Amino acid sequence: MILGLDPDSPQCSRAGCRSSASYSVVWRNPKIHSVDRRKVWLACAEHVDYLRDFLASRSFPVAVEDGLVDGNGVVLPEADA
Ligand SMILES: [Zn+2]
């Protein structure tokens with residue numbers, strides 16, 4: 001078995017964490033991504049808050065979805081211009 005390449009058990013995006021992901025942290029970087037672009041980090045229950053706060057602290061629009069999503073259609077809390 002090759003670790004990390006099993007599509008049936010997606011892992012948390014936190015460095016060093018091998019827990020199965022159960023949340024999707026959806027975000028974009030306003031400086032480099034267009035307004036309809038979505039990036040997704042997968043997160044376990046332990047690290048979902050860490051990953052969300054990491055992005056929020058950089059003033060990136062970020063939203064947490066239950067389960068694993070591709071980010072399409074997720075509405076991010078865009079900062080007021
Ligand atoms: Zn984790």
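A few points on the structure. Here the structure is a predicted model, which is why all the values come from computation and not from measurement.

Thresholds applied
- Residues numbered from 1 in each chain as written.
- Predicted model: local features only at pLDDT ≥ 70, side-chain atom pairs only at ≥ 80, totals over all residues.
- Helix = DSSP H or I, 4+ residues; strand = E, 2+ residues; numbered from the N terminus.
- Buried ≥ 20, exposed ≤ 12 C-beta atoms within 10 Å, placed from the backbone.
- Contact = placed C-beta atoms within 7 Å.
- Pairing = 2+ DSSP bridges.
- Axes fitted to C-alpha atoms, helices over the stretch in contact; angles between N-to-C directions.
- Core = buried A, V, L, I, M, F, W, Y, C linked by C-beta atoms within 7 Å.

## What about the overall build of the protein?
And step 1. Looking only at helices and strands, the protein features one helix and three strands.
And step 2. The order of α-helices and β-strands along the protein, N terminus first, is β-β-α-β.
And step 3. Across the 81 residues in the protein, those meeting the buried criterion constitute 21%.
And step 4. For the protein, contacts bridging at least 24 residues in sequence account for 58% of all contacts bridging at least 6.

## Digging into the sheet that holds strand 1 (residues 23-27)
And step 1. An order of 2-1-3 is seen for the three strands of this open sheet, with the pairing classed as antiparallel. For this open sheet the edge positions go to strand 2 (39-43) and strand 3 (62-66), each flanked by a neighbour on one side alone. On average, adjacent strands in this sheet sit at an angle of 25° to one another, irrespective of strand direction.
And step 2. Taken together, the five bridges between strand 1 and strand 3 define a ladder with antiparallel strand orientation. Pairing of Val-26 across the sheet is with Ala-63, part of strand 3.
And step 3. Each of strand 1, strand 2 and strand 3 touches helix 1 (residues 48-56); the most contacted strand, strand 1, lies at about 5° to it.

## Focus: the pairing of strand 1
And step 1. The buried count for strand 1 comes to five of five residues, which makes it a mostly enclosed element.
And step 2. Side chains Tyr-23, Val-25 and Trp-27 of strand 1 all project onto a buried face; the interleaved residues Ser-24 and Val-26 project onto the opposite face, where all are buried too.
And step 3. Here strand 1 pairs with strand 2 via five bridges, running antiparallel. Counterpart to Tyr-23 in the pairing with strand 2 is Ala-43.

## Structural notes on unusual backbone geometry
And step 1. Positive phi values are uncommon outside glycine, yet Ser-59 reaches one of about 65°.
And step 2. Note on placement: Ser-59 falls in the loop between helix 1 and strand 3.
And step 3. Judged by C-beta crowding, with 11 C-beta atoms within 10 Å, Ser-59 ranks as exposed.

## Observations regarding the nonpolar core
And step 1. Listed in full, the twelve residues of the largest apolar core are Cys-12, Ala-21, Tyr-23, Val-25, Val-26, Trp-27, Trp-41, Leu-42, Ala-43, Val-48, Leu-51 and Val-62.
And step 2. Elements represented by at least two residues in this core include exactly strand 1, strand 2 and helix 1.
And step 3. In terms of residue count, strand 1 provides more of this core than any other element does, four residues in total.
And step 4. Dropping the residues within four chain positions of it, Cys-12 is found in contact with Cys-17, Ser-19, Ala-21, Leu-42, Ala-43, Cys-44 and His-47.

Structural measurements only, silent on function.
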